Structure formats: structure tokens, C-alpha cells
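Single-letter residue listing:
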Amino acid sequence: MTLESTCRKVKTFDKEEAAELSNEARIAWLNLKHGTGTTTHFDTLATALNSALVMCEPIGQEAVDVVIRAQLSVVEMQSRYRRTSTFGADANALANVPDGLDLYDQLLTFSNPLQLVRAVKDSWKRIENGDVLASVGPRLDRPAW
């Protein structure tokens, strides 16, 4: 590993990188919201919200609550998918998911690749414990951490 690649991991995302990550999550949300989403879109959105939760915990409860509201709304979308095999958004999702994505965007502006990778890995551990949003496949008993 070179010094350049090591330093790159701890340098904050530049505007283009942050925008690309944000766009992936927002495109996933748009597809899910409009009923054209796939399980891949769900996983993309869940990963963004799960990593946002981990990254915002040191910030405070208000930030955590924004993400948890978004996650709970997405869990309802997941439940709908399990019942009907299609995604869609209810009023709670329309109100809460955009706020969660806005917070995710803000977190990306002062985060770096290493922090995001650690947040995703931490969320994977939490998924194994049933504490955060999992993929559409397995049943969730406790959807939000």
C-alpha cells in the first residue's frame, strides 16, 4: 500500500465523490418511492441509512432520531414488499426518508472513505444482531438500532 493510497482513505470525500454516493442512494429512493425499485435499490438505500446511523451517533440523539425515523419508514416499505412483491412509499416514508438522505449527504461532506467503510462494516455486524435494516430477504425482528 502506497502512502498516496493510505492518505486517500483519510482525506474527506471531494464534492464529486460525495455527490456520486448521494446520487446512488437518492436514485434508489426515487425508484422505491415510485414502485419501480428492486431489492438492489432497497439494499443501496438501507446501506446509506445504516451507515448514516453509525456515523451520526457521535453527533447526538437528534441526528440519530432523524435516521431512525427514516429507517422505520423504509422497514414499512420492506414489509409492503414482502406482502405484495412491490415497493412503494407511504406518507411516513415520504416525510422521513428525504430527511435521512439529507443527513447522509451532510455526513458525506466531512467524512472520508475509511470512516464510511467502517460505518458499513459496523452496520453489517448490527444486521447480524438484528439491530438495523437488513436486505429484503431475511425477516427483521428489530429493524432500527
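Residues numbered from 1 in each chain as written. Predicted model: local features only at pLDDT ≥ 70, side-chain atom pairs only at ≥ 80, totals over all residues. Heavy atoms only, no water.

What to know about the confidence of the model for the protein
- Looking at the protein, pLDDT values average 86 and 83% of them are 70 or higher.
- Averaged over each element, pLDDT in the protein is lowest for helix α1 (residues 3–10) (55) and highest for helix α5 (residues 91–109) (97).
- Note on residues 136–145: pLDDT is under 50 here. Beyond four places in sequence and across chains, it has 36 contacts. (pLDDT = per-residue confidence, 0-100. Helix = DSSP H or I, 4+ residues; strand = E, 2+ residues; numbered from the N terminus. Contact = heavy atoms within 4.5 Å.)

A short note on the nonpolar core
- Core analysis: the biggest nonpolar cluster contains 35 residues, and Trp29, Leu45, Cys56, Val97 and Leu103 have the highest contact counts within it.
- Elements represented by at least two residues in this core include exactly α2 (15–33), α3 (39–56), α4 (61–84), α5 and α6 (113–128).
- Take this core: its biggest share by element is ten residues, from α3. (Core = buried A, V, L, I, M, F, W, Y, C linked by side-chain atoms within 4.5 Å. Buried < 20%, exposed > 50% of the residue type's maximum accessible area, 1.4 Å probe, protein only.)

Digging into the packing of α3 against α4
- The geometry of α3 relative to α4 is characterised by a closest axis approach of 9 Å and an angle of 160° between their N-to-C directions. Here α3 is positioned roughly antiparallel relative to α4, judged by the angle of their axes. Both α3 and α4 take part in a crossing whose hand is left-handed. For the pair α3 and α4, the contacting residues are Thr39, Phe42, Leu45, Leu49, Asn50, Ala52, Leu53 and Cys56 in the first and Ala63, Val64, Val67, Ile68, Ala70, Gln71, Val74, Gln78 and Tyr81 in the second.
- Partitioning the contact of α3 with α4 into residue classes produces 13 nonpolar, four polar and no charged. (Axes fitted to C-alpha atoms, helices over the stretch in contact; angles between N-to-C directions. Parallel < 35°, antiparallel > 145°, perpendicular 65-115°, else oblique. Left-handed = near helix turned anticlockwise from the far one by under 90°. Nonpolar A, V, L, I, M, F, W, Y, C, P; charged D, E, K, R; others polar.)

A short note on the packing of aromatic side chains
- Tallied over the full model, the rule gives two aromatic pairs.
- Ring plane angle 15° and centroid distance 5.7 Å describe the contact between Phe42 and Phe87, whose orientation is recorded as stacked. You can see Phe42 sitting in helix α3 and its partner Phe87 sitting in the loop between α4 and α5, a full 45 residues away along the chain. Comparing Phe42 with Phe87 shows no difference in burial state: the two are buried.
- Ring geometry for Tyr81 and Phe87: centres 4.4 Å apart, planes at 15°, overall stacked.
- Under the relative-accessibility criterion, Tyr81 is labelled partly exposed at 23%.
- Residue classification places Phe87 among the buried positions, given a relative accessible area of 1%.
- Among the aromatic residues, ring-to-ring pairing joins Phe42, Tyr81 and Phe87 into one connected group. (Phe/Tyr/Trp six-rings, centres within 6.5 Å; stacked < 30°, edge-to-face > 60°.)

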